[in-house]
Structures are given as C-alpha cells and as structure tokens.
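# Commentary on secondary and tertiary structure
Next come the chains, spelled out residue by residue.
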Amino acid sequence: MSLQLYAHPFSSYCQKVLVALYENGTPFTYRVLGPDDAKAGEELAALWPLKRFPVLVDGKETILESTVIIEHLSLAHPGRNGLLPTDAKAALPVRMMDRFFDNYVMTPMQRIVFDHIREPKDRDPYGVAEARAMLDAAYQWLDGRLASREWACGRDFGMADCAAAPSLFYADWVHEIDVAFPNTRAYRARLLARPSFARAVDEARPFRSWFPPGAPDRD
Ligand SMILES: N[C@@H](CCC(=O)N[C@@H](CS)C(=O)NCC(=O)O)C(=O)O
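Reference entry: report on the structure contained in this document. Since the structure is predicted, the reported quantities are computational estimates derived from the model, not experimental observations.

The rules behind the values
- Residues numbered from 1 in each chain as written.
- Predicted model: local features only at pLDDT ≥ 70, side-chain atom pairs only at ≥ 80, totals over all residues.
- Heavy atoms only, no water.
- 1 Å grid on protein atoms, 1.4 Å probe; cavity = no way out; pocket = protein on both sides within 12 Å on 5 of 7 lines; lining within 4 Å.
- Points joined across faces, edges and corners; volume = space filled by probe spheres on them.
- Helix = DSSP H or I, 4+ residues; strand = E, 2+ residues; numbered from the N terminus.
- Nonpolar A, V, L, I, M, F, W, Y, C, P; charged D, E, K, R; others polar.
- Phe/Tyr/Trp six-rings, centres within 6.5 Å; stacked < 30°, edge-to-face > 60°.
- Buried < 20%, exposed > 50% of the residue type's maximum accessible area, 1.4 Å probe, protein only.
- Domains from an automatic or database assignment.
- Axes fitted to C-alpha atoms, helices over the stretch in contact; angles between N-to-C directions.
- Parallel < 35°, antiparallel > 145°, perpendicular 65-115°, else oblique.
- Contact = heavy atoms within 4.5 Å.
- Pairing = 2+ DSSP bridges.

Turning to empty space enclosed by the protein, a few remarks are in order. Rolled over the atoms, a probe as big as a water molecule pinpoints where empty space is left. Applying the stated criterion to the full structure yields one cavity of 30 Å³ or more. Forming the boundary of the largest cavity are A20, L21, N24, T26, L73, S74, H77, P78, G79, N81 and L83. Contributions of two or more residues to the lining of the largest cavity are made by α1 (12–24) and α3 (66–76). Here the lining of the largest cavity takes three residues from α1, the largest share from any one element. By residue class, the composition of the lining of the largest cavity is five nonpolar, six polar and no charged.

Attention shifts here to the packing of aromatic side chains. Applying the stated rule across the entire model yields 17 aromatic pairs. Look at F10 and F211: their rings are 6.3 Å apart centre to centre, the planes differ by 90°, and that puts the pair in the edge-to-face class. One end of the pair, F10, is in the loop between β1 (3–7) and α1; the other, F211, is in the segment after α8 (195–204), and 201 residues separate them in sequence. Each member of the pair F10 and F211 is classed as buried. With a centroid separation of 5.0 Å and 70° between ring planes, the pair formed by F100 and F101 is classed as edge-to-face.

What the largest pocket holds in volume is close to 730 Å³. Lining the largest pocket are 29 residues, and of these S11, S12, F53, Q110 and F114 sit closest to its centre. Sort the elements by how many residues they give to the lining of the largest pocket and helix α4 (residues 88–117) lands first, with nine residues. Per-class residue counts for the lining of the largest pocket are 16 nonpolar, eight polar and five charged. Two domains each put at least three residues into the lining of the largest pocket: domain 1 (3–76) and domain 2 (88–201). By volume, the second largest pocket is sized at about 210 Å³. Taken together, 17 residues form the lining of the second largest pocket, with L83, L84, P85, V94 and D156 sitting closest to its centre. Here the residues of the lining of the second largest pocket are counted per class, giving 10 nonpolar, four polar and three charged.

Pairs of packed helices are described in terms of their axes, by the angle between the two and the distance that separates them. Viewed as axis vectors pointing N to C, helix α5 (residues 125–145) and helix α7 (residues 182–193) meet at an angle of 85°, and their least axial separation amounts to 7 Å. By the angle between their directions, the pair α5 and α7 is classed as roughly perpendicular. Of the residues in α7, those touching α5 at Y139, L142 and D143 are P182, N183, T184 and Y187. Looking at the contact of α5 with α7 residue by residue, the classes come out as four nonpolar, two polar and one charged.

So, about the pairing of strand β3 (residues 55–58). Neither face of β3 is left uncovered, since the one carrying V55 and V57 and the one carrying L56 and D58 both have all their residues buried. With four bridges joining them, β1 and β3 adopt antiparallel strand pairing. Bridge pairing in β3 places L3 opposite D58. Counting the residues that bridge the hairpin from β3 to strand β4 (residues 61–64) gives two residues, and of these G59 lies at a positive phi of roughly 60°.

Turning our attention to the sheet that holds strand β2 (residues 29–32). Ordered by their spatial adjacency, four strands build an open sheet running β2-β1-β3-β4, and the pairing between neighbours is mixed. Where the open sheet ends on each side, the last strands, each with one partner, are β2 and β4. Mean inter-strand twist for the sheet, computed between neighbouring axes without regard to direction, equals 20°. In this sheet, β4 lies alongside β3 in antiparallel orientation, the contact comprising four bridges. Looking at the pairing, V55 lines up with L64 of β4. Sheet strands touched by α1: β1 and β2. Its angle to β1, the strand with the most contacts, is close to 150°.

Pasting the structure below:
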C-alpha cells in the first residue's frame with residue numbers, strides 16, 4: 001500500500017516532511033488538507049483527534065510527529081539520502097539539531113505568527129518579545145556552529161536540515177536574521193537553493209496571502 005501524507009503545502013512542519021520525501025523521490029499520496037477535500041480532513045480527525053499535521057499512514061501504521069515520520073521513512077523507505085546515520089551514536093547530533101530547530105526556531109516563530117491571529121485584546125507582547133529574544137539567541141548560536149559546517153551536522157544534508165529549512169524560512173519573515181549572523185543567513189540561502197526545499201516553497205506560493213503577519217515580497 002502506498003504512503004499517504006495528510007498535510008498542507010504552507011505548513012512549516014509539513015514542509016519538513018516534504019523535504020525528506022522529495023530528497024529521496026519517495027512516492028506517496030498527498031492528502032492535501034483544506035476546503036477542497038473535506039474527506040481528507042475527516043480522515044485526519046479520525047486518525048489523530050488532536051488534528052495536528054503532518055500525519056503519515058503507512059499500511060496499517062499511523063505515524064504522528066514530523067520528526068518521527070522522517071525517522072520512520074529513513075528506516076522503512078530508505079532512499080539515496082539516509083537522512084540519519086545508521087550508527088546510533090552518530091545519529092545523536094542529527095537528533096539534537098532537529099530538536100534545536102523545532103524547539104528554538106520553529107516554536108518562537110509560530111508564537112509570533114499566532115499572535116497576529118488573536119484579537120488585539122488577547123495579544124501577548126511579553127510572549128512575543130520573549131520569542132524574538134529566543135530567535136536572536138538561536139540565530140547567534142547557529143552562526144557559530146555553521147562557521148565550520150555546510151549543513152547542520154556537517155557535509156551531509158539530513159533530518160536536521162529538513163527541520164531547519166521551513167523553520168528558518170518562516171522565522172526570517174517574522175524576525176529577520178541580523179547581518180551580524182552571516183553564516184546563519186548563508187545557510188538559509190543554501191536551504192532555499194536545495195531542490196527538495198525549493199520545490200516545497202514553490203508548492204506553497206499560492207498560499208502566501210494566508211501568512212498572518214503578511215508575507216514579505218522576497219524568497
Ligand atoms: N510537533 C508537531 C507539530 C505539528 C503542528 O503544529 N502542525 C501545525 C501545522 S504547521 C498544525 O497542525 N496546525 C493546526 C492547528 O494548530 O490547528 C510535529 O512535529 O508534527
């Protein structure tokens with residue numbers, strides 16, 4: 001049975017998984033969530049009542065969480081890019097950097113984005129200021145790490161880069177990476193030039209008007 005991915009092209013966590021799939025040309029059925037396919041939304045709610053996406057269905061297995069989906073793909077559907085080293089110890093830095101991008105780039109980025117959806121009376125300026133400070137600290141730490149690395153963990157593009165691509169892409173839209181962090185800025189540009197992520201970005205272009213703070217006229 002083919003893989004089925006419940007996802008939306010404009011969603012950052014879905015792009016993370018799409019990059020992994022596109023890196024390896026892994027065939028899958030794309031169940032695009034949205035008003036054009038109510039059935040896909042109903043199926044998602046039945047599979048995962050928390051209704052967060054992406055969700056991957058592989059035969060009888062339902063796999064939740066973008067990181068676990070990529071780990072599943074690398075074990076069950078390995079392609080030319082393994083995405084994670086097979087050696088357990090060597091895989092740890094990849095998992096560490098995946099957590100870094102989800103927790104300290106994606107999470108504060110989403111906090112800023114979601115603040116824009118709230119009624120003005122419910123906005124949280126303190127939380128947004130905290131998120132901006134977190135992003136600056138993350139950009140700075142990453143800048144040092146990338147001084148000697150092409151990708152998040154060195155020469156091989158892997159799972160951590162799948163997480164980095166959409167998180168830095170959108171984070172830069174809400175809190176631009178300062179010119180004081182040239183390695184982080186150059187890494188984001190390399191990610192955008194990577195064909196797997198360039199494809200995900202192109203597929204999401206029609207939805208840019210949905211971006212709550214307003215998408216900038218670039219990228
Ligand atoms: N930790 C989850 C996060 C998934 C997530 O937050 N997805 C967002 C889209 S980027 C979502 O489902 N949003 C729907 C909502 O908040 O109702 C993962 O890694 O897959």
